[in-house]
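# Breakdown of the fold
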Number of protein chains: 2
Amino acid sequence: MTEFPSTAELVAGIRAGDRVLLARALTLVESELAPHHQQAQELLQSLLPQTGGAWRIGITGVPGVGKSTFLDQLGMHLAQQEKKVAVLAVDPSSRVSGGSILGDKSRMHRLAQEATAFIRPSPSGQTLGGVARRTREAMLLCEAAGFDVIFVETVGVGQSETVVADMVDFFMVLMLPGAGDELQGIKRGILELADMLVVNKADGDFLPRAKRAQRDYANALQYLQPSYRAWKPQVVCVSGLHGTGIPELWKLVVEHRVALEASGELQSLRQQQNLRWMWAQIKERLVETFRCHPAIKEQLAEMESAVLAGTLPPTAAADALLDFFH
Amino acid sequence: MTEFPSTAELVAGIRAGDRVLLARALTLVESELAPHHQQAQELLQSLLPQTGGAWRIGITGVPGVGKSTFLDQLGMHLAQQEKKVAVLAVDPSSRVSGGSILGDKSRMHRLAQEATAFIRPSPSGQTLGGVARRTREAMLLCEAAGFDVIFVETVGVGQSETVVADMVDFFMVLMLPGAGDELQGIKRGILELADMLVVNKADGDFLPRAKRAQRDYANALQYLQPSYRAWKPQVVCVSGLHGTGIPELWKLVVEHRVALEASGELQSLRQQQNLRWMWAQIKERLVETFRCHPAIKEQLAEMESAVLAGTLPPTAAADALLDFFH
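Heads up: these notes are all about the structure in this document. Given the structure is predicted, the values throughout are model-derived calculations rather than measurements. (Residues numbered from 1 in each chain as written. Chains lettered and ligands numbered in written order. Predicted model: local features only at pLDDT ≥ 70, side-chain atom pairs only at ≥ 80, totals over all residues. Heavy atoms only, no water.)

Once that is clear, we can look at the sheet that holds strand β3 (residues 118-119) of chain A. Residue and element names in this part refer to chain A. If you walk across this open sheet you meet the seven strands as β3-β2-β4-β1-β5-β6-β7, and the pairing is parallel. Of all strands in the sheet, those with a lone pairing partner are β3 and β7 (234-237), marking the two edges. The pairing of strand β5 (residues 170-175) with strand β6 (residues 196-199) spans four bridges and is parallel. Considered in β6, the bridge of Met175 is made with Val199. Against the sheet, helix α8 (residues 207-221) makes contact with β5, β6 and β7, and its axis sits at roughly 175° relative to β7, the strand it touches most. (Pairing = 2+ DSSP bridges. Helix = DSSP H or I, 4+ residues; strand = E, 2+ residues; numbered from the N terminus. Contact = heavy atoms within 4.5 Å. Axes fitted to C-alpha atoms, helices over the stretch in contact; angles between N-to-C directions.)

In structure tokens, the structure reads:
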């Protein structure tokens, strides 16, 4: 079993901004072994007062939308303003040896070479919940290490957008330019999570199309009740390739932050996210214990088939399984 | 303890369309007592082959949008086509003695007097999950009793729209006429559930406004990825008061049904709904058992406060509580 530096050493190193010890701590947090889990929790408890200080920003978008290039530009824009930028990822499909398409340093090559920035690929994991937990904990460690802005990217497999949106302060959705029939459309469930829609590749021949999409999305958004008193979702055009629109985009992120801090909605959001996270973990473990029970393992598939086939009422199935369990 | 007719008597009565016995069966299903619960489950198992035959339609909208008047018109339109219509409701705020504003016969007075129709107020209940279960079971009993169309209405308290949408084939959202600043906007999370937006009160002075809202909502909707291959959400104008637009609305409901039956998506939807319902009940009972554990009852409030205050990491709180539980 891998040995890690002591908790005290990790705490001191992280607070001093030591990248090597930060990376060790992140590996500790990603471990599935019980002794590592325990040490990771002690580490997080010790560092808790040093967390919370970063701007937490989620980014999603379909493969091909230009997320890496965009992040590279935005990250460098912030680095040039002397901000320390970290990029994390939630990708439940990533495998230990296969790696993920997210957090790929070769695709964010300027940021990867920027000394003050830090890019970490997604933890691999069995479940989305497990990957999300590790990423949230990675975020807390990065905050304790002094990072100013932490991006969490995801590609939108299953429920990963929902999970990332619930760990960040600001959630942006990258879109391809286009309108009408060409437009892929916003995935249902994403629209209500978005604080900003970003129409990328707004350059060259695509520019008129991008502007039209921006206008149409903005029209569509105004028919939704906003999630906050102090912020209405915005739609912007950028070119990840050329960097146009990036400074203006960041100004809006700042406006959002200032407004939500003033209205108290930012603190409220983070508190509720923490509470939901606690309950998500409780529920996940309760269900896991249930599923691992020998009688349940034996009966579940048959019960589920009968429910799907319409020959067993769902309540009767639930009753029967819970009887086996208790 | 109230006595009910035997299961055999209830089965025979329901299959024969006996309204008195149907009402007794619905009361049985609503009971919180264990022996009643057991008889209710036996009844449902016996009647299971007779269920599934109705069109299940969910309706939501803010108080004041005109839901009752609209349902009265739509219900009578169907009754005149010799369809047997039932109206059920999900209203977690209803109290045993206070009654609910939904399923109120005085507000659907023509339908309340129509011999072939049947209106039942929401079950009262402690939790949304409990109310939803009873309504789903009421729906199955109504189907076994031969009803052709079953409406389930809700007013949108908490998660009730999500819960109703997951028990019906078609979910319609009633909206007030209006546009721009006057427009209340669609509640986030509802938009992705809607198979149809219905702009009500499209009559008299409101008509131009309603038409504008219809056009704007339709524009907005085209930017969302549809949930089905075979159906794109529609926006219609109606006047619940005068009945205009109702026949056209129903034609679209029929189109939806035909299309989704042909594509297999209706069967798939109902199967997945049943499976989700089974798991929702399992999870609800697991969490309830957890919450009722003496050690948890003692520790929970303090743990939640610490998580909200930011002094205890959510994972540590979850770990600690689960340790107390096991």
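Resuming the write-up.
Glancing now at the interface of chain A and chain B. Counting residues at the interface gives 62 residues for chain A, matched by 62 residues for chain B. Across the interface of chain A and chain B, roughly 5,600 Å² is buried in total on both sides, 64% from carbon and sulfur atoms. Our count for the contact surface shared by chain A and chain B stands at two salt bridges. The salt bridge involving Arg285 of chain A is made with Asp319 of chain B; its shortest N-O contact spans 2.9 Å. (Buried area = accessible area lost by both parts, 1.4 Å probe. Salt bridge = Lys/Arg side-chain N within 4 Å of Asp/Glu carboxyl O.)

This paragraph deals with the side chain of Asp166 of chain B. All names here are of chain B. Within the secondary structure layout, Asp166 lies in the loop between α7 (160-165) and β5 (170-175). At 2.7 Å, the side chain of Asp166 and the side chain of Arg276 are in polar contact. The residues contacting Asp166, other than those within four sequence positions of it, are Arg136, Gln273 and Arg276. (Polar contact = N/O pair within 3.5 Å; in protein donor to acceptor, adjacent residues only side chain to side chain.)

This part is about a positive patch on the surface. The grouping of Lys283 and Arg291 of chain A together with Lys283 and Arg291 of chain B at the surface amounts to a positive patch. Of all elements in the fold, only α10 (265-292) of chain A together with α10 (265-292) of chain B reach the threshold of two or more residues within the positive patch. The residue Lys283 of chain A is located in helix α10 in this model. (Patch = residues over 30% accessible without salt bridge, like charges linked within 9 Å, V, L, I, M, F, W, Y side chains within 5 Å. Areas by Shrake-Rupley, 256 points an atom, 1.4 Å probe, with all protein chains shown as cover. Lys, Arg positive; Asp, Glu negative; His and termini not counted. Charge placed at Lys NZ, Arg CZ, Asp CG, Glu CD.)

Below, the discussion takes up empty space enclosed by the protein. One water molecule sets the probe size; rolling that probe over the atoms shows where empty space is left. Throughout the structure, instances matching the rule amount to six cavities of 30 Å³ or more. Leu191 and Ala220 of chain A together with Leu191, Ala220 and Leu224 of chain B are the residues nearest the centre of the largest cavity, which is lined by 14 residues in total. Contributions of two or more residues to the lining of the largest cavity are made by α8 of chain A together with α8 (207-221) of chain B. Among the residues making up the lining of the largest cavity, the classes are represented as 14 nonpolar, no polar and no charged. (1 Å grid on protein atoms, 1.4 Å probe; cavity = no way out; pocket = protein on both sides within 12 Å on 5 of 7 lines; lining within 4 Å. Points joined across faces, edges and corners; volume = space filled by probe spheres on them. Nonpolar A, V, L, I, M, F, W, Y, C, P; charged D, E, K, R; others polar.)

Attention shifts here to the sheet that holds strand β7 (residues 234-237) of chain B. Paired through backbone hydrogen bonds, the strands of a sheet run either parallel or antiparallel to each other. Residues and elements named next belong to chain B. Read across the sheet, seven strands follow the order β3-β2-β4-β1-β5-β6-β7 without closing on themselves; strand pairing throughout is parallel. Taken across any chain shown, the strands that pair with only one partner, and hence form the sheet edges, are β3 (118-119) and β7. In the packing of helix α4 (residues 67-80) onto the sheet, contacts are made with β1 (55-60), β2 (85-90), β4 (149-154), β5 and β6 (196-199), and the angle to β4 comes to roughly 180°.

Checked against the element boundaries, His36 of chain B lands in helix α3 (residues 34-47). At 2.7 Å, the side chain of His36 of chain B and the side chain of Ser31 of chain B are in polar contact.

Residues and elements named next belong to chain A. Among the six residues in strand β4 (residues 149-154), six count as buried, and that is most of the element. Both faces of β4 are covered, namely the face carrying Val149, Phe151 and Glu153 and the face carrying Ile150, Val152 and Thr154. Pairing between strand β1 (residues 55-60) and β4: six bridges, direction parallel. Bridging from a neighbouring strand, Ile57 pairs with Phe151 of β4. Inspection of the sheet shows strand β2 (residues 85-90) paired to β4 by six bridges, in the parallel sense. Across the sheet, residue Leu88 finds its bridge partner in β4, namely Val152. (Buried < 20%, exposed > 50% of the residue type's maximum accessible area, 1.4 Å probe, protein only.)

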